[in-house]
Amino acid sequence: MAGNYDPSFAKEVFDNVDSGEEIKMCMQCGICAGSCPLRHEMDYPPRQIFTLIRAGRRDEVMNSKAIKLCTSCYRCKVRCPRGIPVIDVMHGLAHYGIKKGIIPRKGTAAFGGEFWKMIYNIGRIDEKTLPLKYNLLEGLVPGIKSTIEMAPMGIQMFLHHRMKLLPERKIKGIKELRKMLDKAKEMGKGGAN
Amino acid sequence: MDKNIGIYICTGCGIGDMLDCDPIAEMASDEYSVSICKNHPFLCGAEGVDLIKKDIEGEGVNTIIIAACSPRVNYDVFDFGQDKIIERVNFREHVAWSQAEKDENTQMLAEDYIKMACAKIGRTDLPEPFKAEEEYSKDILVVGGGVAGMTAALETAKAGYNAILVEKDPKLGGFLAKMKKNVTLPYKDISDTGAEAMIKAVSDNPKIKVYTSAAVEKISGGPGIFSVEIKANGNSATERAGAIVQATGWVPYDANKLGHLGYGKFKNVITNVEMEEMAAAGKITRPSDGKDVKNVLFIQCAGSRDPEHLPYCSSSCCLVSMKQATYVKEQNPEAVNYILYKDIRTVGQSEDFYRKAQMDGNVFIRGSVEEVGESGGNLYVSANDELLGEKIKIEELDLVVLAVGMVPRSLPAEIPKIKAPSDSKEADADGMIEVKPDSGFFATSALNLAYRQGPELPTLKYGFPDSHFICFPYETRRTGIYSAGCIRRPMEVGKAKDDATGAAMKAIQCIEATSIGMAVHPRAGDISYPEFNMSRCTQCKRCTEECPFGAINEDEKGNPLPSPTRCRRCGTCMGACPERIISFKNYSVGMIGDMLKAVSVPEEDEEKPRVIVFVCENDAYPAVDMAGIKKMNWSPYVRFVPVRCLGSIALVWVADALARGIDGLLFMGCRHGDDYQCHFVKGSELANTRLSKVSETLDRLSLESDRVKFIEVGITDCDKVPAIISEFMETIESVGPNPYKGW
């Protein structure tokens, strides 16, 4: 079955997504895809996301894993020969997805809450306890199950000195950091929820 | 001319450390009775040049042999006027920098080069520039009144020369006048074509004479002395011209051959030329019912880059489609343009217009068309979308535009036929034979040259006039005739203007050089020209057939009628002539023959083989020079003989050299074939053909065919030169010494 080209979704993106109009300039060279460190985790590379938008494939784009995976490393934006702010578009699409209720807000918000708490307590992220705490939010049994699923990654991180066996210690000057975080919360720029 | 020879050896640049110069001087005065033979440590310095000048004045030296650096450098320093014969011996690159120090073989090599130079000047006369009997015309004939033709005429007039413009249509302007808008520098947006202003500028210019509804009936003569018969509106006129610019342009590829894209089947499938005409006429509508258009799809490369149709890219269709998409958007901002492409090719700065087209929201789809069809009165196109990796279908289309490519107007619709020679096996029942693209008969009528080798410019396989369009643009295989615009290669308006300006400048150069008897590219400035000793001509027609530039006509009896102004001085005729009746004042079969005889051939038991390397002056010689500059080493047993073009080699040299005991002959020429690099187009190819027949000569002498070898050398192949020589020396060693030594 041949897919049809439908310009209406592209128009929706141009009108609603942050920097959405910039994707008109994409010439499909694929430098973004080649530069992306998370390319192997993505279902579609950024280049193809843009093609899908042009073709009007709303469902494929809005449900794609790729738009949620961007870690803001800025490589694509720096390298794009047409100067497209690829990361802005990817985040823009994710935000638009959340706004439209296509991407659930719950999971990210919960993760954000745990992240904030940990930073507030010890000033850094403990790679062991954060996923554990986040997973346990799902309930005890599924939480342990999810954590066991992540064990191979944990072992690799340990082998590469990316994770310690002992708990992480508090940073020096945690009080100053907390003051900053309190201030940020006061300004409405963060917080545990 | 009485030659008073002076030999000057420079001992600078390391030459003095490598050679013992005194014995060389002694040898020259003994064997060639040269009275003046001097050394100088810095000959190209003021003091060194003064030394020579003093001898010219005081001693009356008029023939100067300078044994120093390569003739490719310091030619301005060692220029003592046109009344002196100057021979440069390359002691630096070919001896000092590439051979062993103070070695017996190096010394012999240097002596041989001096002997060869002495032999050469013995046969050299001062060339006198050719002067035609008629008065030279300095007007330029421009054939074709499109954007390239008009620009060529205007630029000619701006440079102060008169132009004669011949246009086949009643109105000037060509395709430019048919366009609605144009995309040109700075390629940011569409702009007015400027056709009317340009036509007015041409018509109002007192230096430009315009013939419309006209055709060139006949052109005879040569550069400087072209006689042009023009038929305009039924009247005949004769003009004289010094050079010609052919700018006869292009025709769109015949869309009737594109049935698979729906052309001819659906009314709403049109070509880009029809789209442009429709836009220029007013409004873009659906041809089927005259209704407004909303969805338009452009099919790029319609027939282009397709081995079944046009195998090449026309480089302008992408821009044209984007321009026409802009028309559609201007007419209806809600309209959607789809551009289905293989590759977007917006060359150079025109990439900016691609950006604009993208910003306008045109939908670019990379893929190939599967089907163009109709349903419910609207068209649909199914295609393979390469970037989505799936089949797509675009429906509700009002218009499908086929971006067809450019075909040179010179390409004949059918392969032309000429009368076959009586011994031809391929002739049909009527005694006719199909013309190959590589000839002056393979082109539609535009110039009607009264040349023996055909009425038009020889074309390449796609029908564009043959020239090396990277190394020598505008040049064609007919001297003084330059091609410009889309007849040369497909291009858009901005490029065509540049092209026409270039061609006009080349035409002016040609006129000025011809008027003082000088050759044009690639031997620009050469005043020698071939002279024919007609009393010994056997009417074999080889010279008239083989001249790469069609410079030689012939009379009914087959006698050659040379036109020196058409000549590029390559010497191909000289190499072709079996009677050796063609020679230049400073280049002849006898002269090179004497040089070969001057090479000393040691006895067999000395185990010093001798190999002559004929090097093309244009590419192979510089390559050897560069190998010398890089201080690469090669065998001291080789002797380089520069030739104007390998096309000028005479087989008698092979026989002469081998009969004297020379062990081998190597020919270094340019690449030939489809991507040739030969400066004289056909020279190295002809040399190769001639040498392939040399085995006959070798058999007669009972010699091995390995002793003669042709090698293609590019100017960048300097690194390979020593290896080529050593390989050949190994071959010679395995074949053994020439049994004719000492005869």
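If you're wondering where the values come from, they're calculated on a predicted model, not measured in any experiment.

Visitor: It is not clear to me how the overall build of chain A should be interpreted in this structure. Could you clarify?
Guide: Looking only at helices and strands, one finds twelve helices and one strand in chain A. Taken from the N to the C terminus, the helices and strands of chain A come in the order β-α-α-α-α-α-α-α-α-α-α-α-α. Here the C-alpha coordinates of chain A stretch approximately 55 × 40 × 30 Å along the principal axes. Burial statistics for chain A: of 193 residues in total, 38% are counted as buried. Excluding contacts between residues fewer than 6 apart, the proportion of contacts in chain A whose partners are at least 24 apart in sequence is 62%. For chain A, the computed accessible surface area is about 11,800 Å², with 58% contributed by carbon and sulfur atoms. Both charge centroids of chain A, one from 33 positive and one from 20 negative side chains, sit 5 Å from each other.

Visitor: Just to check I follow, could you spell out the side chain of B:His94 for this structure?
Guide: Residue and element names in this part refer to chain B. Mapped onto the fold, histidine 94 is located in helix α4 (residues 92-96). We classify histidine 94 as buried; its relative accessible area is 3%. At 3.4 Å, the side chain of histidine 94 forms a polar contact with the side chain of aspartate 625. Dropping the residues within four chain positions of it, histidine 94 is found in contact with Gln99, Leu109, Tyr113, Tyr621, Val624, Asp625, Trp634 and Phe640.

Visitor: Explain a nonpolar patch on the surface here, please?
Guide: Residues and elements named next belong to chain A. On the surface, a cluster of nonpolar side chains totalling about 550 Å² of accessible area is made up of Leu132, Leu136, Leu140, Val141, Ile144 and Ile148. At the level of secondary structure, the elements contributing two or more residues to the nonpolar patch comprise α9 (129-136) and α10 (140-149). When residues of the nonpolar patch are assigned to their parent elements, the largest contribution, four residues, is made by α10. Note that isoleucine 148 resides in helix α10.

Visitor: Just to check I follow, could you spell out the layout of surface pockets for this structure?
Guide: Residue and element names in this part refer to chain B. Counted as a void, the largest pocket has a volume near 1,700 Å³. At the level of secondary structure, the elements contributing two or more residues to the lining of the largest pocket comprise β4 (85-90), α5 (104-122), α15 (589-598) and β31 (638-643). For the lining of the largest pocket, the element with the most residues is β4, which contributes six residues. Class assignment for the residues of the lining of the largest pocket results in 23 nonpolar, nine polar and twelve charged. Here the lining of the largest pocket spans two domains, since at least three of its residues come from each of domain 1 (1-122) and domain 5 (588-743).

Visitor: Any chance you could explain the pattern of salt bridges here in plain terms?
Guide: Once their charged atoms are close, side chains differing in charge can pair, the charge on each being opposite to the other. Under the defined criterion, the tally for this structure stands at 63 salt bridges over all chains. Note that A:Lys164 is salt-bridged to A:Glu168, the shortest N-O span being 4.0 Å. The exposure class assigned to A:Glu168 is buried, which follows from its relative accessible area of 18%. Here B:Asp717 ties to B:Lys720 by a salt bridge, and the two come within 3.2 Å at their closest N and O atoms. For B:Lys720, a relative accessible area of 48% gives the class partly exposed. Among the charged side chains, a salt-bridge network with shared partners connects B:Asp438, B:Asp466, B:Arg477, B:Lys682 and B:Glu685.

Visitor: Explanation requested: the domain arrangement of chain B in the structure shown.
Guide: We note that the domain assignment places domain 1 (1-122), domain 2 (140-249 + 410-515), domain 3 (252-408), domain 4 (531-579) and domain 5 (588-743) within chain B. For domain 1 of chain B and domain 4 of chain B, the distance between their C-alpha centres works out to 35 Å.

Visitor: What is the right way to read the state of the cysteines from this model?
Guide: Here is the idea: a disulfide is a covalent bond, and it sits between the sulfur atoms of two cysteines. All names here are of chain B. Taken as a whole and assessed by the stated rule, the structure comprises zero disulfides over all chains. There is no disulfide at cysteine 118, and the cysteine sulfur nearest it, in cysteine 37, is 8.5 Å away. On the accessibility criterion, cysteine 118 (6% relative accessible area) is buried. Here cysteine 577 is not disulfide-linked; the sulfur of cysteine 540 is the nearest cysteine sulfur, at 6.1 Å.

Visitor: What is the right way to read the sheet that holds strand β11 (residues 226-232) of chain B from this model?
Guide: For sheets, the rule is that strands pair by backbone hydrogen bonds, running either parallel or antiparallel. All names here are of chain B. Strand order across the open sheet formed by three strands is β10-β11-β12, with antiparallel pairing between neighbours. Of all strands in the sheet, those bounded by a partner on one side alone are β10 (214-220) and β12 (235-241). Within this sheet the neighbouring strands show an average axis-to-axis angle of 25°, counted without direction. Strand direction decides the pairing type here: β10 and β11, joined by six bridges, are antiparallel. By the bridge assignment for β11, lysine 218 is matched with glutamate 229.

The rules behind these values
- Residues numbered from 1 in each chain as written.
- Chains lettered and ligands numbered in written order.
- Predicted model: local features only at pLDDT ≥ 70, side-chain atom pairs only at ≥ 80, totals over all residues.
- Heavy atoms only, no water.
- Helix = DSSP H or I, 4+ residues; strand = E, 2+ residues; numbered from the N terminus.
- Buried < 20%, exposed > 50% of the residue type's maximum accessible area, 1.4 Å probe, protein only.
- Contact = heavy atoms within 4.5 Å.
- Areas by Shrake-Rupley, 256 points an atom, 1.4 Å probe, with all protein chains shown as cover.
- Lys, Arg positive; Asp, Glu negative; His and termini not counted.
- Charge placed at Lys NZ, Arg CZ, Asp CG, Glu CD.
- Polar contact = N/O pair within 3.5 Å; in protein donor to acceptor, adjacent residues only side chain to side chain.
- Patch = residues over 30% accessible without salt bridge, like charges linked within 9 Å, V, L, I, M, F, W, Y side chains within 5 Å.
- Salt bridge = Lys/Arg side-chain N within 4 Å of Asp/Glu carboxyl O.
- 1 Å grid on protein atoms, 1.4 Å probe; cavity = no way out; pocket = protein on both sides within 12 Å on 5 of 7 lines; lining within 4 Å.
- Points joined across faces, edges and corners; volume = space filled by probe spheres on them.
- Nonpolar A, V, L, I, M, F, W, Y, C, P; charged D, E, K, R; others polar.
- Domains from an automatic or database assignment.
- Disulfide = S-S within 2.5 Å.
- Pairing = 2+ DSSP bridges.
- Axes fitted to C-alpha atoms, helices over the stretch in contact; angles between N-to-C directions.

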